[in-house]
Structures are given as C-alpha cells and as structure tokens.
Amino acid sequence: MTERPPEHVDPEASAGHDLLPGTPAGGRRRADRRRRRGGGCLPILLVVLLFCALVAWFARGAISDVKDMFAGPEDFAGPGSGEVTFVIDPGQTVGSMGAELEELGVVASSEAFVDAAAQNDRSTRIQAGTYLLKSEMKAADVVAILVDPANVSTSTVTIPEGLRVVDIVDLLAKKTDFTKKDLDAALRSPDLGLPDYAGGNPEGYLFPATYTISPDETAAAFLKSMVDRWKQAAGDAGLDAAAQRLGYSPHELMTIASLVQVEGKTADDMAKIARVILNRVENPGTAGQTGRLQIDATVDYALDRKLTVGLTQDEREQTDSPYNTFRVTGLPPGPISAPGDDAITAALNPPAGDWYYYVTVNLRTGETKFASSYDEFLGYRDELRDYCANESQGAC
C-alpha cells in the first residue's frame, strides 16, 4: 500500500476552526480579540442605563411638582366633628380669619379658606360676632356659615356635664332670653328629635356643651340643637354598636353614662365605675353584694333635688322610687343626668376588672379606690371616715 505524503497544514487557514485542544496560537489571539471587543460595550451600557434612570427620576419629580402646582391648597373633606367657637373681630381681614381658623384646626390651611372666600360672592358680608363651627371642616362649608347672618351669635351659654333637665332649664332661663314656659313647652314637643327609646323623656339627651345663640333663635330650635349635638356625640362614640356588643339597649347605656358622670371625676375612674355597675347588674350575690347599685345620686334624683352627697340612711332605705338603687336591683329606668363625652365613652368601653365597690376617699381631689371584695371596701370606707374626721373645710 503506497503511503501518501502528509498534507501541508496552513496555521493561518485553520485559525477559524478552533474546535479541539491544541489549537495554534493564532486562533487564540483572534478569540481573545473578540472577547475584548465584546467587554468594551459594558461601560457604555451602564452609562446609558444610569442616564435613563436620572432622566426618569427628574421627570417624576417634575410631574409631582406640576401636580402640586395644580392641586390647590390643602383642604379637609369635611363635614367635620365636635364644636369650635370662632369669634370674628370688627375689621378683621379674610387672611387673618384663615390663619386663626387653621390654628384652631377648623380648616386645613389658611389658603384654602381664602380661596373659598374669594369664590363666594357674599364673602364681603361676613359680620363680626361669634360662630359655632366644627373641627376639620371643608373651607367652602366654613365660608357658607360665616356669610349667613342667621349664624351670627352675640352670646354663648355653657351647659355643664351632670345636670338634670330641670337644672338645664333653670340655667337657660337665667342666662338667656328664653322663658321657662317656652323651654318646658319645647321639651314636650315631638319635634325635639329624641330617639324612640327615650320614651319622650329628654333626661340624658340634652348634650352638655358651649352653644352659641343667634338673635332670632327660639327655645325649641335651641333645645333641638342640644339633642342633635347628643346624636353626634353618640354616633362618634358608637353607641348602637356598643349596645350590640355589650348586650344592652342604647337607653340602658345612656343610663349608665349618666350614673358614671355624677360618680366619677376622671375618665379613668368613670370607665372603672362603669365596670362596677355592669359587674353588679350581671353578677348579683358576688363579692358580698346584692345586685343593687347603691348610688346616692339616684336617691337625690328620686327626691327631685340636685345630685349631691349627704343622704341620710332613712332616705336611702325609705325613698320609694324605681330610681332608688338602694331598694331596687339593676339599673334605674333611665338617665339621671346629662353625660358628656368622657362619661359616654366610659359606659360604652368599660375595662376588664373584678371590681364591685368603689369609694371616693378624698372628696376634694376626687381620689377614688376600687375594691374586689367587701373587706377591701370596708377598709376604703374607713379611710373616707378618717378623712372626714380630719377635714376642717367642710368637704364631707
């Protein structure tokens, strides 16, 4: 068999077929050059990406600035809550009104109020006087109130917490131009707006607060505004939902609120007293108690006098009335006073606790101690007696 001479292999010609180990050096150099050319694009790509990111960031900021420019001044959505008494002085400017309203928390910004006033054709007619507003109102709504002369009040009256209806009527007859006859007639009117469960009795449903009185306001309109203010407070506190949660009627919870109003001095004490009341109603016979609330103020109410301390034992034992909680078990038939926000909140949100007694051991400071047993209660009662024995200023 004839041997063929080996073929000549051109290293340069085979450089493009670097498929097996042992490729000539020339092939490696070309591959290296290709790799170097590919790697050179990465820095350029990074620069492009960084540039695009910066452009997007600046664009987003610019769009946000443009939105802010056209969004207008900050404003509340309304309708607001609570009550704020706002006084406009003679010659006061719209700008200074806006600044004061913003400081009071009535409007979100002075600018919103000024803009709303500029858009109201009657804003030049705003009169000096006292106005009743709310917190966090829409600026246009505030302007609408201020431009209406019917909302100007030349006087205000404050109804304190814990008064009976008869006390409220006496105060209004003394502090306002309303007559007792007109007030009594308005309280009997079906237009008063009482909830159905009040049974026509306004006791506990005239909310204690500071009210403005417009020059042409009637006794009926004023008392209805007190009931409306109660509805707002009850709604804000969640009265109906709390009644379902606790298993009581709204009227019963308002009765409890009226009791804790006259018995407690602080919001914390009121909440604990509400728990004592519920514990006694729900667990008669526990901790040595009989299921009777034994609250002095209920006897005062039964005797048709101001709700004060200082009953005699005979009054506690012999006063024949469904309101006398020394003789009847459970809650009285209805509220005995006008509870405020703290008392309503306390009645609707009693804390957990096994208290069945409470004693105010210092009648001047209102310090109250709570007991889970009858023996503990007796100790606190002795503490009160010692306090009264050493009290020289007639607090007891």
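Above this note sits the structure.
These numbers come from a predicted model, not from an experiment.

What counts as what
- Residues numbered from 1 in each chain as written.
- Predicted model: local features only at pLDDT ≥ 70, side-chain atom pairs only at ≥ 80, totals over all residues.
- Heavy atoms only, no water.
- Patch = residues over 30% accessible without salt bridge, like charges linked within 9 Å, V, L, I, M, F, W, Y side chains within 5 Å.
- Areas by Shrake-Rupley, 256 points an atom, 1.4 Å probe, with all protein chains shown as cover.
- Salt bridge = Lys/Arg side-chain N within 4 Å of Asp/Glu carboxyl O.
- Lys, Arg positive; Asp, Glu negative; His and termini not counted.
- Charge placed at Lys NZ, Arg CZ, Asp CG, Glu CD.
- Helix = DSSP H or I, 4+ residues; strand = E, 2+ residues; numbered from the N terminus.
- Polar contact = N/O pair within 3.5 Å; in protein donor to acceptor, adjacent residues only side chain to side chain.
- Buried < 20%, exposed > 50% of the residue type's maximum accessible area, 1.4 Å probe, protein only.
- Contact = heavy atoms within 4.5 Å.
- Phe/Tyr/Trp six-rings, centres within 6.5 Å; stacked < 30°, edge-to-face > 60°.
- Core = buried A, V, L, I, M, F, W, Y, C linked by side-chain atoms within 4.5 Å.

Undergrad: I would appreciate a short explanation of a negative patch on the surface in the present structure.
TA: Side chains of Glu74, Glu102, Glu103, Glu111 and Asp115 sit close together on the surface and give a patch of like negative charge. Contributing elements (two or more residues each) for the negative patch: α3 (94-104) and α4 (110-118). Take Glu103: it is sitting in helix α3.

Undergrad: I keep staring at the environment of Thr179 and nothing clicks. Help me out?
TA: Tracing the backbone shows Thr179 in the loop between α6 (165-175) and α7 (180-187). Between the C-alpha atoms of Thr179 and Val169, which are ten residues apart in sequence, the distance is 8.9 Å. Within the structure, Thr179 has its side chain in polar contact with the backbone nitrogen of Asp182 (distance 3.1 Å).

Undergrad: Even after reading the chapter, I still don't get helix α14 (residues 341-348), so can you show me in this structure?
TA: Working note: α-helix, 3.6 residues per turn, so residues spaced by three or four point in the same direction. Buried within α14 are the following residues: Ala343, Ile344, Ala346, Ala347 and Leu348. Next to the buried residues of α14 lie α8 (219-237), α9 (239-246), α10 (250-263) and α11 (267-282).

Undergrad: Can you help me understand the pattern of salt bridges in this one?
TA: Between side chains of opposite charge, pairing is possible as soon as their charged atoms come close. With the rule as written, the count across this model stands at 13 salt bridges. Ionic pairing is found between Arg164 and Asp167, a salt bridge with its closest N-O pair at 2.9 Å. No difference in accessibility class separates Arg164 from Asp167, as the two residues are buried. Across the pair Asp300 and Arg305 runs a salt bridge, and its minimum N-O distance is 2.8 Å. Taking relative accessible area as the criterion, Arg305 reaches 29% and is therefore assigned partly exposed. One network of salt bridges, in which partners are shared, links Arg164, Asp167, Asp304 and Lys306.

Undergrad: Explain the packing of aromatic side chains to me, please; I cannot follow it from the model alone.
TA: The description of two aromatic rings rests on the distance between their centres and on the angle between their planes. Counted under the stated rule, the structure contains ten aromatic pairs. Measuring from centroid to centroid gives 5.5 Å for Phe178 and Phe222, while their planes differ by 45 degrees, and the two rings are tilted. Of this pair, Phe178 sits in the loop between α6 and α7 while Phe222 sits in helix α8, placing them 44 residues apart in sequence. Given the relative accessible area of 0%, Phe222 is considered buried. Through a chain of ring-to-ring contacts, the aromatic side chains of Phe178, Tyr211 and Phe222 assemble into a single cluster.

Undergrad: Would you mind showing me how to read the nonpolar core here?
TA: In globular proteins that are soluble, nonpolar side chains generally tend to be buried together. Ranked by size, the top nonpolar core spans 62 residues in total, and within it Ile159, Phe222, Leu223, Ile256 and Ile277 carry the most contacts. Broken down by element, the residue count for this core peaks at eight residues, all from α8. Not counting residues within four places of it along the chain, the set of residues in contact with Leu223 comprises Leu172, Leu183, Ala186, Leu187, Leu192 and Leu206. Counting residues in each nonpolar core, the second largest holds 21 residues, with Val84, Leu101, Phe113 and Leu133 among its members.

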